[in-house]
Amino acid sequence: MLNIRTCRGCGEQSHTVEDLVNLSLDLVPGASVGQCLQKYFKENQIEYTCHCGAQQSSLQSSFSTLPNVLILHLKRFIFTRSYTVEKIKNPIALSRELVPTKM
């Protein structure tokens, strides 16, 4: 897994490579596993203090190479505003094959 953090102030990038074969995916109601993966790899805004003083950065994750085995953990439980745990009961579309695409 390749993670690229980009500072919103100066544009400096840092790269981190991780050996991951396990991804925890947030469920998207009525979505497929592929759509949950797309959400996982979507660029995220994070708080990170850069040496230039900027507080905002973006984080983009991608596979540098595809693993032989990939374990997908579908997070079916959420915390509510009242700090209780609730199970997500929406069905998710599973397919026999997962075709990797450039995201």
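The structure presented is a predicted model; accordingly, all values stated were derived computationally and were not measured. Residue positions are counted from 1 within each chain, in the order its sequence is given. Confidence filtering applies because this is a predicted model: local features only for residues at pLDDT of at least 70, side-chain atom pairs given and counted only at 80 or more, and all residues used for totals across whole chains, interfaces and linings. Side-chain numbers come from the whole structure's heavy atoms, not from hydrogens or water.

Enquirer: Would you mind going over the pairing of strand S1 (residues 2-7) with me for this structure?
Expert: In the case of a regular strand, side chains alternate between the two sheet surfaces. Between buried and exposed lies partly exposed: a residue is buried under 20% and exposed over 50% of the maximum accessible area for its type, with that area taken using a 1.4 Å probe on protein chains only. Going along the chain from the N terminus, every DSSP run of H or I of four or more residues is numbered as a helix, and every run of E of two or more is numbered as a strand. With five of its six residues buried, S1 lies for the most part within the structure. Paired strands are those between which DSSP finds at least two bridges. Looking at chain direction, S1 and strand S2 (residues 13-17) are connected through five bridges and run antiparallel. Bridged to Leu2 within S2 is Val17. Connecting the antiparallel pair S1 and S2 is a turn made up of five residues, with Gly11 showing a positive phi of about 80°. Where S1 meets strand S5 (residues 56-62), six bridges bridge the pair, whose relative direction is antiparallel. Residue pairing for S5: Cys7 is matched across the bridge by Ser57.

Enquirer: Before we go on, may I ask you to explain the pattern of salt bridges in this structure?
Expert: Proximity of charged atoms lets side chains of opposite charge pair with each other. We define a salt bridge as a side-chain nitrogen of Lys or Arg found within 4 Å of a carboxyl oxygen belonging to Asp or Glu. Within the structure shown, the criterion is met by two salt bridges. The closest approach of N and O atoms between Arg8 and Glu43, which form a salt bridge, is 2.9 Å. Taken together, the residues Arg8 in the loop between S1 and S2 and Glu43 in the loop between helix H1 (33-41) and strand S4 (44-47) connect sequence positions 35 residues apart. A relative accessible area of 36% means that Glu43 is categorised as partly exposed. Where Lys75 meets Asp26, a salt bridge forms, and the shortest distance between an N and an O atom there is 2.9 Å. Remark: Asp26 occurs in strand S3 (residues 22-26) and Lys75 occurs in strand S6 (residues 71-75); sequence separation between them is 49 residues.

Enquirer: Would you mind going over the nonpolar core with me for this structure?
Expert: Most often, soluble globular proteins have nonpolar side chains that are buried together. Only buried residues count toward a nonpolar core. Its members are Ala, Val, Leu, Ile, Met, Phe, Trp, Tyr and Cys residues joined through side-chain atoms within 4.5 Å. Within the largest apolar cluster, 10 residues are counted, these being Met1, Leu23, Leu25, Leu27, Val33, Cys36, Leu37, Phe41, Ile88 and Ile92. Only S3 and H1 provide two or more residues apiece to this core. Among the elements that line this core, the one with the most residues is H1, at four residues. Whether two residues are in contact is decided by their heavy atoms: any pair within 4.5 Å suffices. Leave out the neighbours within four places in its chain, and Leu25 touches Cys36, Leu37, Tyr40, Leu72, His73, Leu74 and Lys75.

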